[in-house]
Amino acid sequence: MLLADERVRIVECCRRMAAAGLTVGTSGNVSERRGDLVAITPTGVDYGALTPAGVCVVDLGGRPVEDGPLPSSELPMHLAVYAGTAERAVVHTHPLYATALSTVVDELPGIHYLVMQLGGPVRVAPYERYGSVELAEASVRAMAGRSAVLLRNHGATTCGDTLARAYDRAVTLEWLCRLYHQARLLGEPTLLADDELAAVGEKLRTYGQPPL
């Protein structure tokens with residue numbers, strides 16, 4: 001089976017995504033790239049029923065490389081991320097707070113220093129119809145210099161050099177959106193200055209345990 005390990009990771013990620021409330025029904029999609037091939041969730045399949053064999057494999061032009069179900073309708077967006085970055089995984093979600101925020105702001109601002117784990121304040125891409133080339137292009141433009149983007153009236157997309165990192169960023173993005181929502185209910189939140197965000201960004205580069 002092509003990309004067997006990637007397929008297993010995708011199924012596990014989908015189950016975590018659903019359990020965390022980052023998707024509704026069969027919405028959202030996940031992919032992981034290895035070389036010139038991409039493993040991606042099929043369209044319209046319940047995550048509880050998804051198996052590694054049911055995960056699709058396409059080339060970087062979006063062409064299936066084996067028989068099976070149709071890939072996610074958001075395949076163009078995943079491929080656009082891979083074409084424009086060196087990332088190896090993409091997670092697209094429809095979380096409540098991120099989606100709600102996408103309808104009222106043009107950017108998730110520096111409400112907390114953890115926004116630097118996403119590269120900085122997260123931009124909102126203009127609305128385009130789901131599954132379209134226009135959405136793919138708009139999302140990649142808005143993601144420039146970032147590992148996350150909010151999609152107007154739609155949801156959110158994150159990416160990473162591993163699927164685990166792309167998923168963790170999706171969780172972080174939703175937490176930040178919820179934090180901003182809660183703060184706005186209380187009043188006008190204090191935002192971190194650009195120079196402080198830049199300093200935190202440098203500090204985060206060395207955060208965590210050194211490799212063994």
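Residues numbered from 1 in each chain as written. Predicted model: local features only at pLDDT ≥ 70, side-chain atom pairs only at ≥ 80, totals over all residues. Heavy atoms only, no water.

J.: Explain the UniProt feature "domain: Class II aldolase/adducin N-terminal" (unreviewed entry) in the protein here, please?
T.: Under the UniProt annotation, "domain: Class II aldolase/adducin N-terminal" (unreviewed entry) lies at residues 8–181. Taken as a whole, residues 8–181 contains 33% helix and 20% strand, while its terminal C-alpha atoms sit 35 Å from one another. (UniProt positions renumbered as here; feature names shortened; annotations may be inferred. Helix = DSSP H or I, 4+ residues; strand = E, 2+ residues; numbered from the N terminus.)

J.: Any chance you could explain the side chain of Glu32 here in plain terms?
T.: Note on placement: Glu32 falls in strand 1 (residues 29–34). By relative accessible area, which is 2% here, Glu32 ends up buried. Engagement of the side chain of Glu32 in a polar contact is seen with the side chain of Arg9, the distance being 2.8 Å. Those residues in contact with Glu32 that lie beyond four places of it in its chain are Glu6, Arg9, Ile10, Leu37, Val38, Ala39, Tyr82, Arg88, Ala89 and Leu163. (Buried < 20%, exposed > 50% of the residue type's maximum accessible area, 1.4 Å probe, protein only. Polar contact = N/O pair within 3.5 Å; in protein donor to acceptor, adjacent residues only side chain to side chain. Contact = heavy atoms within 4.5 Å.)

J.: Help me out: how do you make sense of the pairing of strand 2 (residues 37–40) in this one?
T.: Working note: regular strand, side chains alternate between the two faces of the sheet. Alignment of strand 1 against strand 2, held across 4 bridges, turns out to be antiparallel. Residue pairing across strands places Arg34 opposite Leu37, the latter belonging to strand 2. Where strand 1 hands over to strand 2, the hairpin turn is made up of 2 residues, of which Gly35 adopts a positive phi near 65°. Summarising the sheet, strand 2 and strand 3 (residues 56–59) pair through 4 bridges and their orientation is antiparallel. Within strand 3, the position partnered with Ala39 by the bridge is Val57. (Pairing = 2+ DSSP bridges.)

J.: Just checking my understanding: could you explain the pattern of salt bridges for this structure?
T.: Opposite charge on two side chains lets them pair, provided their charged atoms get close. Counting across every chain of the model gives 8 salt bridges. When the shortest N-O distance is used, the salt bridge between Glu6 and Arg9 registers 3.7 Å. One end of the pair, Glu6, and the other, Arg9, are both in helix 1 (residues 4–19), 3 residues apart, so they sit about a helical turn from each other. On the accessibility criterion, Glu6 (3% relative accessible area) is buried. (Salt bridge = Lys/Arg side-chain N within 4 Å of Asp/Glu carboxyl O.)

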